[in-house]
Amino acid sequence: MFFQNSIIEKLKKLPTPYYYYDVDVFELTIQKALQASKTINGHIHYALKANHQDRLLQILAKYKIGADCVSKGEIEKAIKNGISVNNIVFAGVGKTDEEILYALKEKIFCLNVESIQELEVINDIANNLNTKAPIALRINPNVDAYTHKFITTGLTDNKFGINASDLNLVLDKLKQLKNIQLIGLHFHIGSQITDLSSFKNLCLKINELQRYLEEKNIEVTHLNLGGGLGINYMHPDEGLVPDFEAYFKVFYEFLERRHFQQLHFELGRSLVAQCGSLITKVLYQKQSGNKHFLIVDSGMNHLIRPALYEAYHKIENISKYQHPDQQLYDVCGPICESTDCFGKNVLLPITQRGDILAIRSAGAYGEVMASDYNLRGLPNVYFSDEV
Ligand SMILES: *Cc1c(COP(=O)(O)O)cnc(C)c1O
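These lines cover the structure that appears in this document, whether it is placed above or below.

Calculation notes
Residues numbered from 1 in each chain as written. Predicted model: local features only at pLDDT ≥ 70, side-chain atom pairs only at ≥ 80, totals over all residues. Heavy atoms only, no water. Helix = DSSP H or I, 4+ residues; strand = E, 2+ residues; numbered from the N terminus. Rg over C-alpha atoms; globule rule 2.2 N^0.38 Å. Buried < 20%, exposed > 50% of the residue type's maximum accessible area, 1.4 Å probe, protein only. Contact = heavy atoms within 4.5 Å. Areas by Shrake-Rupley, 256 points an atom, 1.4 Å probe, with all protein chains shown as cover. Lys, Arg positive; Asp, Glu negative; His and termini not counted. Charge placed at Lys NZ, Arg CZ, Asp CG, Glu CD. Core = buried A, V, L, I, M, F, W, Y, C linked by side-chain atoms within 4.5 Å. Salt bridge = Lys/Arg side-chain N within 4 Å of Asp/Glu carboxyl O. Polar contact = N/O pair within 3.5 Å; in protein donor to acceptor, adjacent residues only side chain to side chain. Axes fitted to C-alpha atoms, helices over the stretch in contact; angles between N-to-C directions. Parallel < 35°, antiparallel > 145°, perpendicular 65-115°, else oblique. Left-handed = near helix turned anticlockwise from the far one by under 90°. Nonpolar A, V, L, I, M, F, W, Y, C, P; charged D, E, K, R; others polar. Near = heavy atom within 4 Å. Phe/Tyr/Trp six-rings, centres within 6.5 Å; stacked < 30°, edge-to-face > 60°. Lys NZ or Arg CZ within 6 Å of the ring centre and 35° of its normal.

### Observations regarding the overall build of the protein chain
Part 1 of the reasoning: Along its length, the protein chain carries 11 helices and 17 strands.
Part 2 of the reasoning: Here the C-alpha radius of gyration of the protein chain, 22 Å, is about what a compact globule of 387 residues would show, namely 21 Å.
Part 3 of the reasoning: For the protein chain, the residues scored as buried account for 54% of the 387 residues in total.
Part 4 of the reasoning: In the protein chain, the proportion of contacts linking residues at least 24 apart, taken out of those at least 6 apart, comes to 72%.
Part 5 of the reasoning: Accessible area for the protein chain stands at about 17100 Å²; split by element, carbon and sulfur atoms hold 49% of it.
Part 6 of the reasoning: Of the side chains in the protein chain, 40 bear a positive and 44 a negative charge, and the two mean positions are spaced by 2 Å.

### Some thoughts on the nonpolar core
Part 1 of the reasoning: In this structure, Phe3, Leu137 and Val331 are the most contacted members of the largest nonpolar core, which totals 107 residues.
Part 2 of the reasoning: Apart from the residues lying within four places of it in its own chain, the contact partners of valine 331 are Leu294, Val296, Ile315, Cys341, Phe342, Gly343, Val346, Leu348 and Leu357.

### Quick word on the side chain of glutamate 74
Part 1 of the reasoning: Relative to the helices and strands, glutamate 74 is located in helix α4 (residues 72-80).
Part 2 of the reasoning: The buried charged residue glutamate 74 lacks any salt bridge partner; its closest oppositely charged side chain belongs to lysine 49, at an N-O distance of 7.7 Å.
Part 3 of the reasoning: Separated by 3.4 Å, the side chain of glutamate 74 and the backbone nitrogen of lysine 49 make a polar contact.

### A few points about the packing of helix α2 (residues 23-38) against helix α9 (residues 244-254)
Helix-helix packing: each pair is described by the crossing angle between the helix axes and the interaxial distance.
Part 1 of the reasoning: Viewed as axis vectors pointing N to C, α2 and α9 meet at an angle of 25 degrees, and their least axial separation amounts to 9 Å. Judged on the interaxial angle alone, α9 and α2 are roughly parallel. Viewed along their axes, α2 and α9 form a crossing whose handedness is right-handed. In contact with Thr29, Lys32, Ala33, Ala36 and Ser37 of α2, α9 contributes Phe244, Glu245 and Phe248.
Part 2 of the reasoning: The residue makeup of the contact of α2 with α9, split by class, is 4 nonpolar, 2 polar and 2 charged.

### Description of the packing of helix α5 (residues 97-106) against helix α6 (residues 116-128)
Part 1 of the reasoning: It is at 10 Å that the axes of α5 and α6 come closest, and there the two elements cross at 50 degrees. With respect to α6, the axis of α5 lies oblique. By crossing handedness, the relation of α5 to α6 is classed as right-handed. Residue-level contacts link Asp97, Ile100, Leu101 and Leu104 of α5 to Val121, Ile122, Ile125 and Ala126 of α6.
Part 2 of the reasoning: Of the residues belonging to the contact of α5 with α6, the class tally is 7 nonpolar, no polar and 1 charged.

### Considering the site of the ligand
Part 1 of the reasoning: Within the structure, the ligand sits among 14 residues, and Lys49, Ser191, Glu266, Arg269 and Tyr365 are positioned closest to it.
Part 2 of the reasoning: Histidine 188 is positioned such that a nitrogen or oxygen atom in its side chain is 3.5 Å from a nitrogen atom of the ligand.
Part 3 of the reasoning: One nitrogen or oxygen atom from the side chain of serine 191 is found 2.3 Å from an oxygen atom belonging to the ligand.
Part 4 of the reasoning: For the ligand, the accessible surface in isolation is 390 Å², of which the surrounding protein chains cover 94%.
Part 5 of the reasoning: Broken down by class, the residue content of the shell around the ligand amounts to 3 nonpolar, 6 polar and 5 charged.

### Description of the side chain of asparagine 207
Part 1 of the reasoning: Position of asparagine 207 among the secondary structure elements: in helix α8 (residues 197-215).
Part 2 of the reasoning: In this structure asparagine 207 touches Phe254, Leu255 and Glu256, once residues within four positions along its chain are discounted.

### Description of the pattern of salt bridges
Part 1 of the reasoning: Overall, the coordinates contain 20 salt bridges when judged by the stated rule.
Part 2 of the reasoning: The salt bridge involving aspartate 385 is made with arginine 55; its shortest N-O contact spans 2.8 Å. Linking aspartate 385 in the segment after β17 (380-383) with arginine 55 in helix α3 (residues 54-62), this pair joins segments that are 330 residues apart in sequence.
Part 3 of the reasoning: Residue arginine 360 is joined to aspartate 237 by a salt bridge in which the shortest nitrogen-to-oxygen separation is 3.0 Å. One end of the pair, arginine 360, is in the loop between β16 (356-359) and β17; the other, aspartate 237, is in the loop between β9 (222-224) and α9, with 123 residues separating them in the sequence.
Part 4 of the reasoning: If you follow the salt bridges from partner to partner, you end up with Asp237, Lys314, Glu316 and Arg360 in one network.

### Quick word on unusual backbone geometry
Part 1 of the reasoning: For the bond running from threonine 16 to proline 17, omega is -5 degrees, close enough to zero to count as cis.
Part 2 of the reasoning: In this fold, proline 17 is placed in the loop between α1 (5-13) and β1 (18-21).
Part 3 of the reasoning: Although it is not a glycine, asparagine 217 sits at a positive phi angle of roughly 60 degrees.
Part 4 of the reasoning: For asparagine 217, the position within the fold is in the loop between α8 and β9.
Part 5 of the reasoning: Of note in this structure, asparagine 345 is not a glycine but carries a positive phi near 50 degrees.
Part 6 of the reasoning: Structurally, the position occupied by asparagine 345 is in strand β15 (residues 341-349).

### Section: the packing of aromatic side chains
Part 1 of the reasoning: Under the defined criterion, the tally for this structure stands at 12 aromatic pairs.
Part 2 of the reasoning: Consider the rings of tyrosine 19 and tyrosine 21, whose centres lie 6.2 Å apart with planes at 10 degrees: the pair is stacked. As far as burial versus exposure is concerned, tyrosine 19 and tyrosine 21 are alike and both buried.
Part 3 of the reasoning: Geometrically, the ring pair formed by tyrosine 247 and phenylalanine 248 is edge-to-face, given 5.0 Å between the ring centres and 70 degrees between the ring planes. Across the pair, exposure class does not vary: tyrosine 247 and phenylalanine 248 are buried alike.
Part 4 of the reasoning: An aromatic cluster of at least three residues, connected via ring pairs, comprises Phe199, Tyr247, Phe248, Phe251 and Phe265.
Part 5 of the reasoning: If you follow arginine 55 out to its NZ or CZ, it ends over the ring of phenylalanine 383, 5.4 Å from the centre.
Part 6 of the reasoning: Directly above the ring of tyrosine 102 sits lysine 72, whose terminal nitrogen or CZ lies 5.3 Å from the centroid.

The structure is reproduced here in structure tokens:
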């Protein structure tokens, strides 16, 4: 049981709705990931976009984990919370000139570049600063991540990355750009990937690409394999810590890495999803035909994943863990949108007004996407060691 009785009594007294983060689970997850990454001497850059809570970033900094940022705001946040600039990479398909200038002035480790035009812009800005911009080319490897179509990113018709077929154009261009220093290749094929064969296919593509580049006398010192490792949303307690060993083993077995190359991994969801829950209170029960609804005090404004990409989150009634009688409910929020529903046909103990529900595995892409829609306010936040 994720929530011990002693903690449930405390949780019941806190003002709902709120995000609750279990710091012990977070640290355990980090430790397991670091341990598993050691087998291939991989470097982990946490993807801030999954969750940028100061407290969580400070813990990551304590473990000397790097940061994968997609905006100036995220870079500032990473630095402010103690993550070293040498361990920060800047990714994203739409970097503004101001953001590029900032990243170069801060001397972060690397910018991941997604188009020829972006290369030219970075070159100009670096030229003005009289510096060389360290960059990695984000290559679109055309690998299917077998995940939801809204979160797959490595196929040719996605907006992300440079297509392998345009590589020659890019390499020609690079020869003219004197303020660019190519240090790496970057790949990220999608998110919530549970079929590890996608990562194997990625490795095989990279091997091919590396051989091609070496024929042209191009060597890079860094390979960035992106993130995307999925988590167990169906059974969060059984899959509390993702199988990092199996994940890193795929790269160990299939990636033909050169002895001088460093491997980087940009884990987001797999580090932070399972430590977080959205805690909400049941306001009303209602019935329509055979359907039973529970209306709760949080909604898609606080956790948009079910509405945005049909995501499943396990829902538990933590007020009534032991209740013998159960029933199917649709658990819905208060927002004026039909998609504002956390779960349909959810089997729960007979539930009443005032009961507290935990929406599990909500640590990633939850709080960061919360909005003040309908002016219902942002959710509160509590950490396990502070309640
Ligand atoms: C979103 C993203 C990540 C993190 O993805 P997860 O699925 O959360 O691990 C890593 N790298 C890039 C480039 C991303 O866009």
